[in-house]
Each structure stands twice: as structure tokens, then as C-alpha cells.
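For reference, the chains in residue letters:
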Amino acid sequence: MSAQRVTVTYSGPIIFLSTDHWKQIYASLASQLPLRNLHWKSTSRNALRSIQELDVDLVALETLREDQAASQVPQTVLDKPLLNLYIFICEDSEAYRTQTRKQLKEWHASVSQRKNQEWLIVHVVRPDQSVAQGRLFQMKASVLDKVKADFNVDRKDRCVQLVWSADKDNPTVWADLVTKVKEGILSAFDAALTQREEEVKRSEGQRQMPGWNFCTFFILKESVANSLEGMNLYEDALQQYYELEATFFQVLREKNLSWFGALITPMATDDSAPLLSITKKPYRDLILANTISVFDFRVYLLARQCILLSKIGDMEELCRKASSFLSTFARTLREIEDTLPPFFIESWIYSSALSVVDQADEWAGSLQLDKAALASFNAAKGELVELARWQLDILGIATGFLPRKPPFSLALPSSLGEAAKVPDAKRASVSITNTELLAALEDQDALYDLYVNITNRAIELYASAGRRKFALKLHGTLAALDVHRGRMENALSTYTSLPAHYSPHGWTSLEAFMLNRALNIHEAAEKPKDREWIHVLLHFLRAYVEDMGRQLLMSEEDSAAYVQGLATQLKEAAQELDSETPFPDHPAFSLTLMEHNAKLAESRDGSLLKVVVQNKLPCEVSIDEVQLQLAGRENSRITFTSKASSLVPGPNELTLFCPSSPPGTYSLFSTQIATSRLLFQWKHTKTPKQVRAGNMPTLVHIPRDPKALDVKLKQPPRIELGTSRKVMVVLSAGRNEIATAAVKLGAPSGIAFSYDETEVVGEDAPPIRTDAEQVTFLDVKKGQTVVAAIPHSDASAYHYMKVNITVEYVTTSEPDIRRVLRLSRVVATSLPVAINVEDFFRGTRLFTAFTLSTTSHQHVRVRETQLLSQSESNGVKITRCMASKPSVVTITPSQPGRFLFQVDSVKGQARDGLKLQISYRMLREEVESLIEHAVYEVVVETPALEFLRQDMIDKLVQALETDASWVELYGVTGELVVPGVLTDDDELGAGLRRVLALLNTKRSPLSFGEWREILIPVDVPQMHITAAARLQILENPFSAGTEKSQKRTRPLYAGQPLSALLTVQTSFHWAPPEDVKVESYLMRYDIEDLSNDWLVSGRKRGDFVATDGATFTAPVTLIALHHGEVALPKVAVTALPIPGEHRMRSSVVPGCETHQVHGAEKVLVLPRGGRSTFFVSMGTNNNA
């Protein structure tokens, strides 16, 4: 049954309808169809319905008058017109009154009597160019007003004017008319549908009354659905069918099927006809006759629902609804399978599923589906095609063409009729009509080809939908078919490739089944057990230990014996591998830590770690080695290993050993179990995201072994700037007799170590062997400490240099074990102190001040500083100026140290460079040395504390690092009071109390520990001219020359002119040797202008010629501007350019330094004498 369209009638004067003008109007009106954007608000529905497009049939009213007889069968509300139009032209009010009004009344009387129909009068206006515009509008309004006055009696405007002009195709010309047409259609439809829905409700309310008929009710309610469908309200129409389906199921539960025929009356083509065709049978006639079977009724109801779903565009729901119907109704048909033709159900499902797919593709051709909708649509079609394929499984098993075992038997229904158990009887009485299935029942090759084609079709649909897992499952079925057909190579290739796709999705049951099949086929084909077979077996064992894995071992009753055989074959195959083959994250084994603190091996270098290896297989597995790797800072790795022969089912406790394990805290990095050349590996590192989520890494602490080999780095005891830098490598053998120990250092980029220039320091030094990559120590004795100096390139760009140390050593007691120790050490490359030099020239003497400040937050202890000359005959004599300083000076970040030296030299003699020697050590080093010395004394007294020596040192150092309150007291008294040390009553506590007592005693810092030295080259400064300027106030202007040097005794007064003498004494003593022959320089003096203190009269500035040892004098007059203690003005003395000499196109100016002899002097200026009168108020008399 095709959906009807909305009908709109038109009528008008016969003369007008016969004109060409009407034909033009009709054509233009038809061009406005279909109507668009209608909005229906029904009184029985809450939501507003939008109709995007509505098809309308425009027919003459006269053609429908003969079809007025009412039908007893409920039709749609669209069977009759919803709107009646009367279209006329009338330009004169008189003509309307005498002719047109009568015709309108006759038409109105006819259409107004029709129920649920609307009417509309359309007045067409044709402009006349000969009529004035204003009169034209007046005439139009008058005719329209008369029409409205005559016919708009219920306050509803059913009159509209159409201005017909040359611009007739303009949408605005038709806007009013189209709007009125939409309103009329929706109003009539709403009234008609409301009346029909009330009839449906009335009928449904009578369902429990005698005489009620479901089929009659179905036709009545379907008329509502067809009416909604005709209005393009597909969702509402579909809802009516859903409600009909629900009512049918309710009737079915009540077992009141008297309105239907049998459950099914098979016709000739029922098994192969298209499922969604509603024209293959007279379904409505059968429903009205109450003879329709339940099968036909359900098929018709499904077809109507799917047609509406296709118009909505929900193709996925269409396919899924059809698939669900075929599956559920097939179970109903199974109950009466013995009464049906053989294989009828399988043929019906097969044909119907494929016909739905073809029909859905045809309907979807006109739709524009987005990517997600298209994927869902293809997935739903794939399910239908797979459903059809399942019927081939049933037919194949029934005919004997396919084996009755998985995966083919998975499609078998839970209960089969007797005919299904006798395939020969079925083949003899075939009565289905599907030609493909008929051929498949007779010819197994035809069945196989059809099976492969249908399966591939489903695979393609699943693949295009992104359903890889479903497609892979079907690939496995094709592999099973290849096995049944004897195509072993194809089957093996498929079975071995599929598990890799199943595993990420957790389909362990399918994965185990596929792998089990692959192993059996590999065994049957007698193929070699190579690397590919090992991977297949390992994947099978992975699936076996999962939840459903062991249930799929259908080929062996004793799963433990079966897996034991596989494990034995795996060991044998692994021995034949040409290289090590890792297999990550296999669940058959797991390794966990029993404890998170490793233990020392005590008798040899290394540490022990206990682990538990869980064997989840039901049999014993042969292995060779268990390995555990820990990760430390900067990607350092240490490995624990244990040789083992086998792992029994369940937990296995093992102790792993690491021959070289630096102390510290490590995280579990990886574990490994080796069996021949097959390596089971697991990674245990955590990503930052996992750590943030609370999945913390597994930590392992390795204690420090005080008796193990150790390597430290330190600065050399003597550092001389300007020479190649060295780093001291301190190798402690500990408990070991070392045969060879190769040390390799790794530093930041740009720093290279010169191993060939390595020097061993100290007595009884062992032999060494060097090359470009490392230095090797030979025959190091037990307990021996070897110190070697290794030069390196310039590292001044770094304050501290981080050095990665790699030591490969072999002990004489275990020559077969090559231990590799990786350590990271930090050594200072910059000087601990910064040096600032100040030079002060005083005639023939030079005073040099060195200011030492620490370059870090640490304190530096300075024992002695010396300024050394290279030889006694270089004309330089050095005298230290501050010999009364304390023996040890402490330099802190806030308190630098100053050291002053006097240098005398011979004029003109070449002066070699000097060297500043600083003897120092860091306060931390001094305190640690003091602690070690005290602990040593205690250990000597009590040898039992030897194994606790390092623990006592570490605990005391940690206490000092925590609290710095001890620093001040130690710097003053030399007593080291360690704060916050808690001592117990055990051996460690007793040893600590004895050490603390020793530390609390006063001792000189010179009595213990080592001191370091720094040698810094210092150049002797040079200066062409040194000047000593002096400004002296004389007793009087006429003082004799001998008196000029005497101090004035008379008082000075403000405003009094004072005679003063400027003297400048020059010396060329510190001139460079190349300028020693110069006899004189031109110089200039300039007295400082202190305008607030002094008024200077005389030559404030002047030039003079300076010679070696000469004195220049100049008289000036000073006037003090105020009284008080006032400093005398400074005198600036500068050298002028040497005439005639140029360097780099610039004048040559000799160097000059001026010393203010009177710089520290001040004079007392008294105020001028006189009398001043002051009036002081003593207050007022309160009694006055």
C-alpha cells in the first residue's frame, strides 16, 4: 500500500477556468508545490511537528463529486480533500454583487457541509495600465472587503488576494496564498486526525468486550499511520506501528488468536520471497477477512515498519529490526518445524536476510549518510549476511557436507526436528524454492563456494564498518572450512595470523581455539618446529592461562599432560634457534619480590634478592636462568641473576645474585626467564600518567657494603693555575684481592681525560696499564687504597663536574666473574675561593691586598697564605704585614678574609711574576676528617665496632647536616658538639657515645687531617708615574721654607684667608723596564672644587714637568666657608699625552697613580668672634 498524498480542490467560474489566464495561474500555482516548512501543533501532541516538504495534488472539485460514497473499510484521512479553493477574477463591485456572489454562495454551501475540510476564497487581481493607481487600489479593496464581509462569518479569515502581474514567478507574490493554503491543510488535517484517533481510542477501550476484533482495530489504527505517513510525519507513523506491535504481543500473551488463521500456511515462494515486499500478498484483504496467518501478519507489520525507517533514514535500525525478527520468529517456527517443508526455516532466513540487505542498499542510494551512520549501517548489514551464513552451516551439517563441530556447529539451534537428524530424508524431500540452496544441497562444491562467497561478503561489510573482531571471527570459520576440505596450507596461514588480531581485544576463547587448531594442523602437516611454531605455541599458552583458555582443549582430555608435552617440545625447539628470541609479557609466568631490601653477600662483593616465580601452567617447565634488572638514576642498570633448572607449578622461591651493586634505591625495571634461547621478558616501568593515577613503581633498596670495592674522586691536594688540571681517583680494594680493575671516566661534553698521562701517587703503588680509553690497575692487594692522578682538559665552564665511573674488575678468588661497577661522582672543578687583588703604590714600596671570599655556601678554613717569588735574585722582596692573625682563618659567605703583603723592588730590573700560595680545606672536609679520626680511635679501642664504623660516621655527618648550630662553637673553641644524636643501648649507641665524648674535647685544627694548596700566579704591577700629592695649611704666608712642613698651631676661623702649599712628589720607580730611560713627563694637577666647604684662590689647576724623585710646589689661598671639622680638598694629578708618540692612531698617555698624603686629615675651623642677643620667652603669669 503506497502512501496517499494531500488533495486540494479548486473551483471557479466556468468561463474563467476555460481561459488561458487560468492556465497560467494554475501552472504558477503548481510550481509553488510541494509545500515546504510546515509547522503542525496538534492538540493531542505536546511537541511541535515540522514538515520539511509536503506533496499536494491539485485537482478540480468536479472530478471528485462522484466518489462521495463512504467506504466501510477505514481509509486514511487523506482520502478526501483537506482544502477547497475558489479562484475568481472580479474587478467591479457591481459585477460581484450581481454575478460572482451567487456563484460563491453555491460553492460555499457545497464545501462547507463536508466534515474536516477547509475552504479558501482566492481573489485574483489583474492590474490595468489605463486605470489610475489610486483608483485601482480602491477598487481592489472594495471587492475584497465585500467578499470578507459575506463569507468570514466565524472570525476566521478565509479570503486572500492574489495580485497577478508580470512578476508572477516572484515568491513574494504567492506568499499570502501559500501561507493560507498551509494553514487550511494543517487545520483540516488536525481536525480529521483527531476524530480518527478518538475512534481508535474508543475501539481500543472496547478490547475486553465481546465482539471486538483485533484485525478491524488494526486496519483502523493503520489508517492513522497511513495518514501521518501521507503528511510526511514518518516518526509519528512509525510510532503507530510500534503501538500496534505492542498490542499484538499483548493479545499473543492472552492466547486470543481467534482473529488469525494458522501460525503459518506455507505458500510456494514463502521461503524465498523478499521479506520487505508488501505487494507479494494481499495482506490487507487477508487482515479484513480474519484469515491472515500470524507469519504473514508479522511479516507485513515488519515490512511497514522498515519502509518508514527507510524514509526516516535510520538504515541501521532497519537492518537490526529485520535481523531480530528473523532470529526470534525462527525460534517460534522451530516449534512446528516438523509440519513445514524440509529446510523451510533455513531457506526463509537465508533468503529474507539477503533480500533485506539488497532492499536496504536500494533505499540507501538516495540518502547521504555520514561516516558514523554508514559504518553502523554496514555493521548491521554484516550481521544479516552472517545470519544467512549460519543457515549454510545448518544445511551443511544436515547434508553431511560440513562436520558437526565448532565453528560450524555453533550455528545449530538448541533443538532440531527429527528431519534435521536424518539428512538423507531431507535431501529426498526438498521442497524449498531458493535455487542457490537447492544447488548447495545437491553439490558440496556448490555449498562450499556459496559458503565462501557469503562469508567474504560479511567480512567486507564488517571491515568497512570498522568491526575487525567480527571480520576476524569469520576468517577463522573460513580456515576451519579449509581444514575440512584438506587445504592445510591455507588453514595454517589463517590460524596463525588471526590470534594477533584477537589478543588486543581480549577474545581469549577464540584466540585459544584458533591457536589450538593451528598447532594440530602444524602437527598433522609434519612441518618443522621453527621460530614460527614457537610463536604459535607461546600465543596458545598465553590464551590457555586466561579464564576460558583451558576449556577449549577439546583434542585432549588430560590438559596437564597435553601442556607438558607442548612445554617439552618448546624447550627442544628453543635449543635449535639461531639467536635469542624475546617474548614480552607472557602471562604463563610472573615474578614478584619477596622483600624490598636486598641483603649483602658478606663474603664477596654483591647483594642478594629473594623473589617468587609463579608458574601458572599445570606442569613443570625447564628453564636455564632467571634475571631481574633494576633501574637507578640516570638510566643506570644493575642485574640480579640465578641459575635454575625448572619451575614447578605454582610459586617457586629463588635467590638472585648481583656481583656489583652500588648502594641506593632502585625501581624494578624488567624481569626475564630464559629457557635455551627463548627469553620471556616483562617490563615494569611506570609512565608519568600511571604514577599520577597512584600506580607507583616497585622500589628496592640496596645497602652500602663497606668492604666492597669503591671508587671516589677528589681534587688534587695541590692546584696550580696555569697548569693542566687533574682529578684524583681513589680506588679502595676492600675485601678483594684484585687481579685487574679497569677504570673509565665519563664527563660532560667537551672534557676529555688523558689516561696515558696517569700518575700513581703514594708508596707501594701497584702497576698500572693505560691506553686511550681507560686506566687499568693490576694486582691490588686486599684493603689497599690506590690514588691516581688523571689529567683532563679545561673544565672551567663548570663549577662542579659530574663524572660517571665504570669499573670492570676481576678478583683472584672468582676469576670467572667479571664485575662491572657503575658509579656517579661529583668533583669540584672551580676554586672554592674567589680572589680580589688591590695594589697600593707608596713610593718605592707596593702594598698588595688579597681578599678571599667563598664561591659557595660552604665555609673555607685557611691555614696560611704566602706570596712567593720565583727566586731571591729577581729584585723583589716580600714582607707579610699581618703576622698576628690567628693560625686558622674561617671564610664564610658573609665574612671574607683579607691578607696584606709589602713588596719592595729594585728600579729598572725585570720583575718575574709572583705566586700566591693558599693552604686551605673546606669546613665540611675538616669536620668529616675529625669524625673519621675520632671513630678510628674508638675502633682501635674496641675492634668489635669495625663493621659499624661507616654507620657511625654516616649518622654523625647526617646530624651535622640537619642542624648547623655547632658551627659557631666549633669555630671559636674547636669543640665539635654534634646536635640531635640519639643513642640506644646497643653496640652502635655505645660507640657513638664514646665518639661524641672525643669530639667534645678541644683540639687544634692543625693536629689532624690534610690541607690543600692553591698556587695562583700574580703579576708584579707596573706604573709609569707614582705621585704623592699634599695640601698643607701654613702658619703664615711668609713662613720660611723650613717652616712650611711644620703643622700650623694658630686657630682657624671661618671666612679667614689661609695660606696653603700644594706639593706633588713624583717617582718613576715602578715604571716598565722599557720606559726606564724616560727622564720627565708633562703632568697636570687639579684641586677639587668643594664649593660648600672651601673657597680656593690661586692656581687651582696647572701643568708641570715631573722628574723622578722631584717635588713640585704651588701656593694657594683657602677660605673656609663654615666652621667645624672640615676635610681639605683632594688634588687630582694626571699625566698628559707624550708629545710626538702615537699608538693605534691615539696619543700615548703614561700611567699615573696619585696618593693623597693629606687624605685622612681634617682641620678644625672656628666660628668668627662677635656678640649675639637672644630673647627667650619664660611663659605667662597664670595668676595675672
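Relevant structure appears above.
First things first, this report covers the structure right here in the doc. Since the structure is predicted, the reported quantities are computational estimates derived from the model, not experimental observations.

The helix and strand inventory of the chain stands at 27 helices and 50 strands. Within the chain, the fraction of its 1184 residues that count as buried is 45%. By sequence separation, contacts in the chain at least 24 residues apart represent 73% of the contacts at least 6 residues apart. As displayed, the chain offers around 59,400 Å² of accessible surface, 50% of which is attributable to carbon and sulfur atoms.

With that settled, the discussion passes to the environment of Ala959. Residue placement: Ala959 occurs in helix α25 (residues 949-962). For the pair Ala959 and Val981, spaced 22 residues apart in sequence, the C-alpha separation works out to 6.5 Å. Not counting residues within four places of it along the chain, the set of residues in contact with Ala959 comprises Val978, Pro979 and Val981.

Once that is clear, we can look at the side chain of Arg207. Position of Arg207 relative to the elements: it lies in the loop between α5 (171-205) and α6 (214-230). When sequence neighbours within four positions are dropped, the list of residues in contact with Arg207 reads Trp212, Gln250, Val251 and Glu254.

Moving on, we get to the sheet that holds strand β35 (residues 897-905). Whether parallel or antiparallel, the strands of a sheet pair through hydrogen bonds between backbone atoms. If you walk across this open sheet you meet the 4 strands as β30-β31-β35-β33, and the pairing is antiparallel. Edge positions in the sheet fall to β30 (833-842) and β33 (876-880), since each of these pairs with one other strand and no more. Averaged over neighbouring strand pairs, the angle between their axes works out to 25 degrees when direction is ignored. Where strand β31 (residues 845-854) lies against β35, 8 bridges are found, and the strand directions are antiparallel. The partner of Phe847 across the bridge, within β35, is Gln902.

A grouping of Tyr1053, Leu1164 and Leu1166 is seen on the molecular surface, where their side chains present a nonpolar patch of about 250 Å² in accessible area. Assessed through its relative accessible area of 33%, Tyr1053 is described here as partly exposed.

Our next topic: helix α7 (residues 234-253). Taking 1.5 Å per residue as the helical rise, α7 with its 20 residues ought to reach 28 Å, and the 29 Å between its terminal C-alpha atoms agrees with that figure. Those residues of α7 lying buried are Tyr234, Asp236, Ala237, Leu238, Gln240, Tyr241, Leu244, Glu245, Thr247, Phe248 and Val251. Residues of α7 that are buried sit in contact with β3 (49-54), α5, α6, α9 (294-312) and α10 (315-334). Of the residues flanking the end of α7, it is Lys255, one or two places downstream, whose phi is positive at about 55 degrees.

Moving on, we get to the packing of α7 against α9. Running from N to C, α7 and α9 point in directions that differ by 160 degrees, and their axes come no closer than 9 Å. Comparing the axis directions of α7 and α9 gives the class roughly antiparallel. The handedness of the crossing between α7 and α9 comes out as left-handed. Listed contacts from α9 to Tyr234, Glu235, Ala237, Leu238, Tyr241, Tyr242, Glu245, Phe248 and Phe249 of α7 are Val294, Phe297, Arg298, Leu301, Arg304, Gln305, Leu308, Leu309, Lys311 and Ile312. Within the contact of α7 with α9, the residues separate by chemical class into 13 nonpolar, 1 polar and 5 charged.

Quick look at the sheet that holds strand β46 (residues 1131-1135) now. Spatial strand order, β43-β41-β46: 3 strands in an open sheet with antiparallel pairing. The outermost strands of the open sheet, each flanked by one partner alone, are β43 (1101-1107) and β46. Pairwise comparison of adjacent strand axes, ignoring direction, gives a mean angle of 30 degrees for this sheet. Of the strand pairs in this sheet, strand β41 (residues 1080-1087) and β43 are connected by 7 bridges, and their pairing is antiparallel. Paired with Met1083 across the bridge in β43 is Phe1104.

Counted under the stated rule, the structure contains 47 salt bridges. Here Glu229 ties to Lys311 by a salt bridge, and the two come within 2.5 Å at their closest N and O atoms. Here the residue Glu229 occupies a position in helix α6, and Lys311 occupies one in helix α9, the gap between them amounting to 82 residues. Across the pair Asp764 and Lys781 runs a salt bridge whose closest N-O atoms are separated by 3.9 Å. With Asp764 in the loop between β24 (759-761) and β25 (768-770) and Lys781 in the loop between β26 (775-780) and β27 (785-792), the pair connects residues that are 17 residues apart, well separated along the chain. Given a relative accessible area of 54%, Asp764 falls into the exposed group. Relative accessible area serves as the criterion here: at 46%, Lys781 is assigned to the partly exposed category. Each of the salt bridges in this network shares a partner with another, and the network as a whole consists of Glu222, Glu229, Arg284, Arg304 and Lys311.

Moving on to the nonpolar core. Counting 134 residues, the largest nonpolar core has Leu85, Ile185, Phe189, Phe214, Met231 and Trp348 as the members making the most contacts within it. Met231 has contacts with Val6, Ile51, Leu54, Leu78, Ile185, Leu186 and Phe189, leaving out every residue within four places of it along the chain.

Cut-off values and rules
- Residues numbered from 1 in each chain as written.
- Predicted model: local features only at pLDDT ≥ 70, side-chain atom pairs only at ≥ 80, totals over all residues.
- Heavy atoms only, no water.
- Helix = DSSP H or I, 4+ residues; strand = E, 2+ residues; numbered from the N terminus.
- Buried < 20%, exposed > 50% of the residue type's maximum accessible area, 1.4 Å probe, protein only.
- Contact = heavy atoms within 4.5 Å.
- Areas by Shrake-Rupley, 256 points an atom, 1.4 Å probe, with all protein chains shown as cover.
- Pairing = 2+ DSSP bridges.
- Axes fitted to C-alpha atoms, helices over the stretch in contact; angles between N-to-C directions.
- Patch = residues over 30% accessible without salt bridge, like charges linked within 9 Å, V, L, I, M, F, W, Y side chains within 5 Å.
- Salt bridge = Lys/Arg side-chain N within 4 Å of Asp/Glu carboxyl O.
- Expected span 1.5 Å × (residues − 1).
- Parallel < 35°, antiparallel > 145°, perpendicular 65-115°, else oblique.
- Left-handed = near helix turned anticlockwise from the far one by under 90°.
- Nonpolar A, V, L, I, M, F, W, Y, C, P; charged D, E, K, R; others polar.
- Core = buried A, V, L, I, M, F, W, Y, C linked by side-chain atoms within 4.5 Å.

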